[in-house]
Amino acid sequence: MSARERLRRNDERFVSVAARLREDEWARPSLCDAWSNHEVLAHLVIGCGAGPGVIVAGMARHGGSFDRANAQLARSLAASRGPADLLDEFARLTVRPRGLGRVFPPRLLLGDHLTHELDILFAIDHTPAIPSDTLAAVLNTQVTVPNPFVPAYRNSRGLRLRAVDIDWAHGEQGPTVRGRAADLVSVLGNRARMLAALHGDGVEVLASRINQRPNRTAG
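Quick summary incoming for the structure in this document. (Residues numbered from 1 in each chain as written. Predicted model: local features only at pLDDT ≥ 70, side-chain atom pairs only at ≥ 80, totals over all residues. Heavy atoms only, no water.)

**Comments concerning the overall build of the protein chain**
Link 1 in the chain: Secondary structure assignment for the protein chain yields 12 helices and 3 strands.
Link 2 in the chain: Counting every position in the protein chain, which comprises 219 residues, the buried fraction comes to 53%.
Link 3 in the chain: Intrachain contacts of the protein chain at a sequence separation of at least 6 include 66% that bridge at least 24 residues.
Link 4 in the chain: As displayed, the protein chain offers around 9900 Å² of accessible surface, 53% of which is attributable to carbon and sulfur atoms. (Helix = DSSP H or I, 4+ residues; strand = E, 2+ residues; numbered from the N terminus. Buried < 20%, exposed > 50% of the residue type's maximum accessible area, 1.4 Å probe, protein only. Contact = heavy atoms within 4.5 Å. Areas by Shrake-Rupley, 256 points an atom, 1.4 Å probe, with all protein chains shown as cover.)

**Quick look at the side chain of Arg-6**
Link 1 in the chain: Structurally, Arg-6 can be placed in helix H1 (residues 3-18).
Link 2 in the chain: At 3.1 Å, the side chain of Arg-6 forms a polar contact with the side chain of Asp-133.
Link 3 in the chain: Excluding residues that lie within four positions of it along the chain, Arg-6 makes contacts with Met-1, Leu-110, Asp-133, Thr-134 and Ala-137. (Polar contact = N/O pair within 3.5 Å; in protein donor to acceptor, adjacent residues only side chain to side chain.)

**Topic: the pattern of salt bridges**
Oppositely charged side chains may form a pair once their charged atoms are brought near each other.
Link 1 in the chain: Applying the stated criterion to the full structure yields 12 salt bridges.
Link 2 in the chain: Of the charged contacts, one joins Glu-12 and Arg-8 as a salt bridge, the two residues approaching to 2.5 Å between their closest N and O atoms. Separated by 4 residues within a single helix, Glu-12 and Arg-8 lie in helix H1, roughly one turn from each other.
Link 3 in the chain: Classification of Glu-12 as partly exposed rests on a relative accessible area of 37%.
Link 4 in the chain: When salt bridges with common partners are traced through the structure, they connect Glu-5, Arg-8, Arg-9 and Glu-12 into a single cluster. (Salt bridge = Lys/Arg side-chain N within 4 Å of Asp/Glu carboxyl O.)

**As for the sheet that holds strand E3 (residues 176-179)**
Whether parallel or antiparallel, the strands of a sheet pair through hydrogen bonds between backbone atoms.
Link 1 in the chain: With respect to topology, 3 strands assemble into an open sheet ordered E2-E1-E3, the strand pairing being mixed. The open sheet is flanked by strand E2 (169-170) and E3, the only strands paired with a single partner.
Link 2 in the chain: The sheet contact formed by strand E1 (residues 160-163) and E2 spans 2 bridges and is antiparallel. Of the residues in E2, the one forming a bridge with Arg-162 is Ala-169.
Link 3 in the chain: Relative to E1, helix H11 (residues 181-188) is tilted by about 140°, and along the sheet it contacts E1 and E3. (Pairing = 2+ DSSP bridges. Axes fitted to C-alpha atoms, helices over the stretch in contact; angles between N-to-C directions.)

**Here's the deal with the packing of aromatic side chains**
Link 1 in the chain: Scanning all chains against the criterion turns up 1 aromatic pair.
Link 2 in the chain: Ring plane angle 90° and centroid distance 5.7 Å describe the contact between Phe-14 and Phe-90, whose orientation is recorded as edge-to-face. One end of the pair, Phe-14, is in helix H1; the other, Phe-90, is in helix H6 (residues 83-95), and 76 residues separate them in sequence.
Link 3 in the chain: Using a relative accessible area of 0% as the deciding quantity, one classes Phe-90 as buried.
Link 4 in the chain: When the ring centre of Tyr-153 is taken as origin, the NZ or CZ atom of Arg-157, which lies over that ring, is 4.1 Å away. (Phe/Tyr/Trp six-rings, centres within 6.5 Å; stacked < 30°, edge-to-face > 60°. Lys NZ or Arg CZ within 6 Å of the ring centre and 35° of its normal.)

Okay, here's the thing in structure tokens:
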């Protein structure tokens, strides 16, 4: 399966999951700093449909800061459109992405989209039901490909990572971190809340790295 096809199928699955969320669940704070679940959804829509000019203009209004521009764009879109409308737009963009959604590498977009899905689901205490091959593909990308928005590559260095619920492992030396694949994806993406779900002598090392790099709304 191509990376683009895997991304499309995952996005379609996410739409079916997210369509079942209640209004109060969309309003809950997500695991992505300073964003509600509703605003995370708006961010996903922007990432699939906004052109570079929109981002550049936003940065110009915020002193050249990508993070502040990205955060404001998501908040503004969420304030003007409800979750159902945004979810319909995201579903359309999974079939015909525009702007950044067409040019950003699909392997990295898959990791970004899955991490944000977990931001939403873990925030409302939902257990994710994500196919094991999708989780493995994201983890493989996280530990091998640097991503400017998700610091998973740096967070994983020198650790032995072991998923306990799927057939996936990385690293042969160093302290060990064990946990469910979804929890590993979330923590490697700098989500400290899920550290409590992990085990092993490498968790303290991983925690220190996350605490040194506060979660950015960009990823």
